[in-house]
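Chain by chain, the residues:
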Amino acid sequence: MRAKPRSSYGSDTEPGSANRTFLIGGHVLNAPKPVPGLYLVATPIGNLGDITLRALETLAGVDLIACEDTRITRRLTERYAISAELKPYHEHNAAMARPKILERLAQGASIALVSDAGTPLISDPGFKLVREASAAGHAVIAVPGASSVLTALSVAALPTDRFYFEGFLPARQVSRRTRLAELARIDATLVMFESGNRVQETLADLAEIMPGRDAAICRELTKLHEDIKRAPIAELARMADTLETRGEFVLVIGPPHKDADVMTQHDLDDLLRSSLARESVKVSVAHAVELSGRPRREVYARALELAKEARGDDGED
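Residues numbered from 1 in each chain as written. Predicted model: local features only at pLDDT ≥ 70, side-chain atom pairs only at ≥ 80, totals over all residues. Heavy atoms only, no water.

Enquirer: Any details on the layout of surface pockets? Residues and values, ideally.
Expert: What the largest pocket holds in volume is close to 810 Å³. I45, D116, A117, G118 and E248 are, among the 35 residues lining the largest pocket, the residues nearest its centre. Only α2 (70-79), α5 (148-155), β9 (189-195) and β12 (248-253) provide two or more residues apiece to the lining of the largest pocket. With 4 residues, the single largest contributor to the lining of the largest pocket is α2. (1 Å grid on protein atoms, 1.4 Å probe; cavity = no way out; pocket = protein on both sides within 12 Å on 5 of 7 lines; lining within 4 Å. Points joined across faces, edges and corners; volume = space filled by probe spheres on them. Helix = DSSP H or I, 4+ residues; strand = E, 2+ residues; numbered from the N terminus.)

Below, the structure written as structure tokens:
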């Protein structure tokens, strides 16, 4: 009989699966194997000391840790002397790796899913695995902990009763500005990620599309060089040239001010004409609604009129 091919995700009898311990302050602690299932384990976003005791016990006890980058997760497991097997699971190999993880779950394995930093599934792959594991009847357990979204919200000094998480904005300026114009209509604090090489351009776009709002730039949260700047978005945009762009950024933009002045018709027309010369009607209207304090229906109707004027279209045959 031909031997059954061995899964690249191994089996529960592989070396190291029985060494379920972790180290804290020089003390070796035992970690019982968790009940079979998929564990979504939050990991630190910078400071490795932010891991929870439950997360350490889970990572040390599972049969396998599925992670975005084994090199990054290994820094955490080595810090706490965890010997669980690491296997990559990321957007590029998910289609091939997911069936193997599901196979292991079906065999009774306990598997942890971690991202490079923070809470799994928040702006990273994993929801398909959770969906298929749940559909197959496997337990899916969250082990909560660090999140850059919640960390940024807590230190931004902005309203948190309602917030909207955007993730990363589009890289291309036209697409980014269109998306920001859509986000400007949301009456809530906005949270978004941005890379260092685009953060200055994004601040400039924000200053034009949402100029009246308060904001916070959160860089390298929980790390040695953590830096948080709080100011009106227009002021932050003016400071952009002096901004340290190395590191990871979370931008928090406050909601529109409730007491914003209503723009005069003359100023509204000037704003729309200027915007329509560069942007689409959709983007121009969203921008004008944000700045003018006037109802969207009114602004949209006026934008159509001005767009016709600009084209020389008087509506006659």
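Enquirer: Run through the side chain of S147, naming residues and quoting values.
Expert: Considering the arrangement of structural elements, one finds S147 in the loop between β7 (140-143) and α5. A residue is classified by how much of its surface remains accessible, and S147, at 10% relative accessible area, is buried. Setting aside its immediate chain neighbours within four residues, S147 contacts I45 and T119. (Buried < 20%, exposed > 50% of the residue type's maximum accessible area, 1.4 Å probe, protein only. Contact = heavy atoms within 4.5 Å.)

Enquirer: Before we move on, could you go through the sheet that holds β9 and cite the residues and values that matter?
Expert: Pairing is mixed across the open sheet formed by 5 strands, whose spatial order is β8-β9-β12-β10-β11. Where the open sheet ends on each side, the last strands, each with one partner, are β8 (163-168) and β11 (227-232). Pairwise comparison of adjacent strand axes, ignoring direction, gives a mean angle of 15° for this sheet. The sheet contact formed by strand β10 (residues 214-219) and β12 spans 5 bridges and is antiparallel. In the sheet register, C218 faces β12, and the bridge partner there is V250. (Pairing = 2+ DSSP bridges. Axes fitted to C-alpha atoms, helices over the stretch in contact; angles between N-to-C directions.)

Enquirer: Describe unusual backbone geometry, naming the residues involved and giving the relevant values.
Expert: Phi at L121 takes a positive value of approximately 80°, unusual for a residue other than glycine. Looking at the secondary structure, you find L121 in the loop between β6 (110-114) and α4 (127-135). A positive phi is found at A157, a non-glycine position, where the angle reads about 60°. Tracing the chain through its elements places A157 in the loop between α5 and β8. You can call A157 exposed: its relative accessible area is 64%.

Enquirer: Explain the side chain of H287 to me, using residue names and the numbers behind them.
Expert: Summarising the element assignment, H287 is placed in helix α10 (residues 281-292). The class for H287 is buried, based on a relative accessible area of 5%. Not counting residues within four places of it along the chain, the set of residues in contact with H287 comprises E208, I209, L271 and S275.

Enquirer: Any details on α10? Residues and values, ideally.
Expert: Side chains three or four residues apart in an α-helix point the same way, a direct result of the helix having 3.6 residues per turn. The terminal C-alpha atoms of α10, which comprises 12 residues, lie 16 Å apart, in line with the 16 Å expected from a rise of 1.5 Å per residue. Contact partners of the buried residues in α10: α6 (173-183), α7 (199-209), α9 (265-276) and α11 (296-311). Phi turns positive one or two residues past the end of α10, at G293, with a value near 75°. (Expected span 1.5 Å × (residues − 1).)

Enquirer: Which residues make up empty space enclosed by the protein, and what values go with them?
Expert: What the rule picks out here adds up to 1 cavity of 30 Å³ or more. Of the pockets and cavities examined, the largest cavity occupies roughly 40 Å³. Lining the largest cavity, in full, are E68, Y89, L113, V114, S115, P120, L121, D124 and P125.

Enquirer: Can you break down the nonpolar core residue by residue, with the values?
Expert: One finds L180, M192, L203, L206, M210 and I253 to be the most contacted residues of the largest nonpolar core, which totals 21 residues. Looking at this core, the elements with two or more residues in it are α6, β9, α7, β10, α8 (233-238) and β12. Sort the elements by how many residues they give to this core and α7 lands first, with 4 residues. Dropping the residues within four chain positions of it, M192 is found in contact with E166, G167, L169, L180, L183, F249, V250, L251 and I253. Within the second largest apolar cluster, 20 residues are counted, among which are A55, L56, L59 and V114. (Core = buried A, V, L, I, M, F, W, Y, C linked by side-chain atoms within 4.5 Å.)

Enquirer: So what about the packing of aromatic side chains? Which residues, and what values?
Expert: The geometry of an aromatic ring pair comes down to the distance between the two centres and the angle between the two planes. Considering all chains together, one arrives at 2 aromatic pairs under this definition. A ring pair is formed by F165 and F193, whose centres lie 5.1 Å apart and whose planes are at 65°; its orientation type is edge-to-face. Remark: F193 occurs in strand β9 and F165 occurs in strand β8; sequence separation between them is 28 residues. The buried category is assigned to F193, whose relative accessible area is 10%. Arranged with centres 5.5 Å apart and planes meeting at 65°, the rings of F168 and F193 form a pair that is edge-to-face. Here F168, found in strand β8, pairs with F193, found in strand β9; they are 25 residues apart in sequence, far enough to count as distant. In textbook terms, an aromatic cluster arises when at least three aromatic residues are bridged by ring pairs, as seen for F165, F168 and F193. (Phe/Tyr/Trp six-rings, centres within 6.5 Å; stacked < 30°, edge-to-face > 60°.)

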